[in-house]
Amino acid sequence: MTLETAEPLVAGLLLAAGGGRRLGGRPKALLPHRGRPLVEHAVRVLREGGCEVVHVVLGAAADRVREEARLPGCVLVDNPDWAEGMGSSLRVGLASLKAEALPVDAALVSLVDQPGIGPAAVSRVRAAYGSRDTLAAASYDGKRGHPVLFGADRWAAIAAGAVGDQGARDYLKAHRDAITLVDCSDVAEPYDIDTEADLVHLE
């Protein structure tokens, strides 16, 4: 296989550092879902959606997550500044992918607390990859959501703007014309597990 015909490497980047402040301080990665920690479900979704390489950013109760969750083959990355918000986790995750032994062409970013988003949505957004400059995101009824795909050529600028709990929101807003929106309304539900009332979505 020549380099020209090699399949692009789109790696899964799972942000799983949240402390669940509105859930009484229960780390989101360890919320029970189908009998196992939620982080396991989120990793499986990325793998079944076509991401062979998966990096997981841990924060709250990182040691417990390592002990209790079965995450074979994943690169687990600690974010000591997880309490600052999603931006710090995105920076840590992109830096980890940059250091990956294999050259990663794009990051497909998903959030641990969205169990309504399954492999079909991951696969669709992953298929939107065109080059290392690609920006793509799932959309639900016309509104941008997760997962989001960042071509590697954009990582430095995205990381530079990832502060607080904004993640890549400002960058995406500034580059909205470059984003390929991939409708996933028919295959996924983009709810978050943020409050006690949201726990009804877990099985």
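Residues numbered from 1 in each chain as written. Predicted model: local features only at pLDDT ≥ 70, side-chain atom pairs only at ≥ 80, totals over all residues. Heavy atoms only, no water.

Peer 1: How do you make sense of the side chain of H41 when you look at a structure like this?
Peer 2: Examined against the element boundaries, H41 turns out to sit in helix 1 (residues 38-48). Here H41 is in contact with H33, R34 and P115, once residues within four sequence places are set aside. (Helix = DSSP H or I, 4+ residues; strand = E, 2+ residues; numbered from the N terminus. Contact = heavy atoms within 4.5 Å.)

Peer 1: Looking at this model, I keep getting lost on empty space enclosed by the protein. Mind explaining?
Peer 2: Take a probe with the size of a water molecule and roll it over the atoms, and the empty space left behind shows itself. This model, assessed by the stated rule, comprises 1 cavity of 30 Å³ or more. Taken as a whole, the largest cavity holds about 110 Å³ of empty space. Forming the walls of the largest cavity are 13 residues, and the residues nearest its centre are V45, S110, L111, Q114 and I117. Going through the elements one at a time, helix 1 and strand 6 (106-111) are the ones with two or more residues in the lining of the largest cavity. At 4 residues, the largest contribution of residues to the lining of the largest cavity is made by helix 1. Class assignment of the residues belonging to the lining of the largest cavity gives a composition of 9 nonpolar, 4 polar and no charged. (1 Å grid on protein atoms, 1.4 Å probe; cavity = no way out; pocket = protein on both sides within 12 Å on 5 of 7 lines; lining within 4 Å. Points joined across faces, edges and corners; volume = space filled by probe spheres on them. Nonpolar A, V, L, I, M, F, W, Y, C, P; charged D, E, K, R; others polar.)

Peer 1: Help me out: how do you make sense of helix 3 (residues 86-98) in this one?
Peer 2: Because each turn of an α-helix spans 3.6 residues, side chains separated by three or four positions in sequence point in the same direction. Along its 13 residues, helix 3 runs 18 Å from first to last C-alpha, staying within 8% of the 18 Å computed at 1.5 Å per residue. G87, S88, S89, L90, G93, L94, S96 and L97 are the residues of helix 3 that are buried. Against strand 1 (10-16), strand 4 (54-58), strand 5 (75-78), strand 6, strand 8 (143-151) and helix 5 (155-161) lie the buried residues of helix 3. (Expected span 1.5 Å × (residues − 1). Buried < 20%, exposed > 50% of the residue type's maximum accessible area, 1.4 Å probe, protein only.)

Peer 1: Honestly, the layout of surface pockets in this entry has me stumped. Any pointers?
Peer 2: For the largest pocket, the calculated volume is near 1,200 Å³. Secondary-structure elements contributing two or more residues to the lining of the largest pocket are strand 1, helix 3, strand 6, strand 8 and helix 6 (169-174). Here the lining of the largest pocket is built from residues that sort into 16 nonpolar, 10 polar and 10 charged.

Peer 1: Would you take a moment to explain the sheet that holds strand 9 (residues 179-183) for this structure?
Peer 2: The strand order across the open sheet built from 7 strands is 5-4-1-6-8-7-9, with neighbouring strands paired in mixed fashion. Edge positions in the open sheet fall to strand 5 and strand 9, since each of these has one partner strand only. Taking the axes of each pair of neighbouring strands and ignoring which way they run, one obtains an average angle of 25° across the sheet. The sheet contact formed by strand 1 and strand 6 spans 6 bridges and is parallel. (Pairing = 2+ DSSP bridges. Axes fitted to C-alpha atoms, helices over the stretch in contact; angles between N-to-C directions.)

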